[in-house]
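Structural features, examined
One letter stands for each residue in the lines below.
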Amino acid sequence: MKKLFSLLMLAILLPLQACAQEVYKEGEHYEVISDKATDKAEVLEFFSFWCPHCHAFEPLVAQIKSKLDKNVSFEKVHANFMAFTTKDIQDEATKAMMIGRALKREDALNKAIFNYIHVQRSQVTSLKDLENIFIINGVDSAEFEKMASSFGVNSLVSKNNKALEHYRKHLGGVPTFIVNGKFKAKFTRNMGPDDMVDLIVWLSKQK
C-alpha cells in the first residue's frame with residue numbers, strides 16, 4: 001500500500017515539476033550568470049533608494065521574503081551608480097541602511113528613506129539628512145553617529161560594495177534580483193506581480 005501511495009505521489013509531482021520548468025525558461029525568465037551556485041541559498045536585491053521602480057516594488061519584496069523557505073537568506077544591496085545624485089550621497093545612504101540593519105530595524109527605516117525621497121519629494125544632501133530621518137523615526141542621534149563610525153557598520157558597507165562590484169556587469173539597472181549567485185531574474189511584460197514573486201521563489205530552489 002505504501003509503495004502504491006509513493007508511486008501515485010511521484011506520478012503527481014513529476015508533471016508539476018515539468019510544468020514549472022515549462023513556465024520559467026532560461027533566456028526568457030532568467031539568465032544563468034555563473035557555473036556554480038552559492039553554498040547557501042540566497043536572494044540579493046540590487047536596488048537604489050532613488051529608483052522609483054524600487055520604491056514601487058517594495059510590497060512585492062515583502063511578499064518574496066514571506067514566501068521564501070526559512071533556509072533562504074534575503075539581502076538588499078544598495079547601488080551607488082544611479083544618475084539622480086552623486087556617488088558620495090548614495091554611499092551615505094548605503095551607510096544609513098547598514099545602521100538600520102545593525103539596529104534590527106532595516107525594513108522600517110528603509111521605508112522611511114524611500115518615503116522621504118519619493119513621497120515627501122525631499123532631497124538627501126548629506127548623511128545628516130539621513131540622520132534626521134532616523135531621529136524622526138525614533139533613533140537616538142548619538143547612537144546614529146556612534147554607529148556611523150563603527151567597525152561593524154563600515155564592514156557591512158564594505159560587504160555591500162563588494163557584492164555590487166562582483167555583480168556590476170550583470171546590473172543594467174535596478175531593481176535586479178540575483179539568486180543563489182547563479183541566476184539573474186528577468187521579468188517579462190506579461191508577468192503579473194504574483195508571477196514575479198513566484199519566479200524569485202522558484203529560482204531560490206534551483207542549483
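For the structure itself, consult the block above.
These notes cover the structure that comes with them. (Residues numbered from 1 in each chain as written. Predicted model: local features only at pLDDT ≥ 70, side-chain atom pairs only at ≥ 80, totals over all residues. Heavy atoms only, no water.)

Turning next to helix α3 (residues 87–102). Between the first and last C-alpha of α3 there are 23 Å, a value that for 16 residues agrees with the 22 Å anticipated at 1.5 Å per step. Counting buried residues along α3, 12 of its 16 residues qualify, which places the element largely inside the surrounding structure. Those residues of α3 that fall on the buried side of the exposure criterion are Ile89, Gln90, Asp91, Ala93, Thr94, Lys95, Ala96, Met97, Met98, Ile99, Gly100 and Arg101. Considering only its buried residues, α3 is in contact with β2 (42–47), β3 (73–78), α4 (106–118), α5 (127–136), α6 (141–148) and α7 (151–167). (Helix = DSSP H or I, 4+ residues; strand = E, 2+ residues; numbered from the N terminus. Expected span 1.5 Å × (residues − 1). Buried < 20%, exposed > 50% of the residue type's maximum accessible area, 1.4 Å probe, protein only. Contact = heavy atoms within 4.5 Å.)

Right, let's get into the environment of Cys54. Within the secondary structure layout, Cys54 lies in helix α2 (residues 52–67). Between the C-alpha atom of Cys54 and that of Val174, which follows or precedes it by 120 residues, the distance is 6.9 Å. Excluding anything up to four places from it in sequence, Cys54 contacts Phe47, Ser48, Phe114, Val174 and Pro175.

Our next topic: the packing of α5 against α6. At a minimum axis separation of 9 Å, α5 and α6 run at an interaxial angle of 135°. Considering their axes alone, α5 and α6 lie oblique with respect to each other. For α5 against α6, the interelement crossing comes out right-handed. Seen from α5, the contacting residues are Leu127, Lys128, Leu130, Glu131, Phe134 and Ile135; seen from α6, they are Ser141, Phe144, Glu145 and Ala148. (Axes fitted to C-alpha atoms, helices over the stretch in contact; angles between N-to-C directions. Parallel < 35°, antiparallel > 145°, perpendicular 65-115°, else oblique. Left-handed = near helix turned anticlockwise from the far one by under 90°.)

Let us now look at the packing of α3 against α6. Packing of α3 against α6 brings their axes to within 10 Å, and their N-to-C directions diverge by 110°. Classified by the angle their axes make, α3 and α6 are roughly perpendicular. Like other packed secondary-structure pairs, α3 and α6 cross with a definite hand, here right-handed. Within the contact between the two elements, α3 uses Lys95, Ile99 and Ala102 and α6 uses Phe144, Met147 and Ala148. Tallied by class, the residues present in the contact of α3 with α6 amount to 5 nonpolar, no polar and 1 charged. (Nonpolar A, V, L, I, M, F, W, Y, C, P; charged D, E, K, R; others polar.)

Below, the discussion takes up the nonpolar core. One finds Phe46, Phe49, Ile99, Ile113, Leu130 and Phe134 to be the most contacted residues of the largest nonpolar core, which totals 41 residues. If you list the elements that add at least two residues to this core, you get β2, α3, α4, α5, α6 and α7. Apart from the residues within four sequence positions on either side, Phe46 is in contact with Val77, Ala163, Leu164, Tyr167, Leu171, Val174, Pro175, Thr176 and Ile178. Tyr24, Val179, Met191 and Met196 belong to the second-largest nonpolar core, a separate cluster that totals 23 residues. (Core = buried A, V, L, I, M, F, W, Y, C linked by side-chain atoms within 4.5 Å.)

Looking now at the pairing of β2. The buried count for β2 comes to 6 of 6 residues, which makes it a mostly enclosed element. The side-chain alternation of β2 yields two buried faces, one formed by Glu42, Leu44 and Phe46 and the other by Val43, Glu45 and Phe47. In terms of strand pairing, β2 meets β3 through 6 bridges, oriented parallel. Directly across from Phe47, in β3, lies its bridge partner His78. Regarding the hand of the β-α-β motif, the stretch spanning β2, α2 and β3 is right-handed. (Pairing = 2+ DSSP bridges. Right-handed = clockwise from strand over helix to strand, strands pointing away.)

Just geometry here; none of it tells us what the structure is for.
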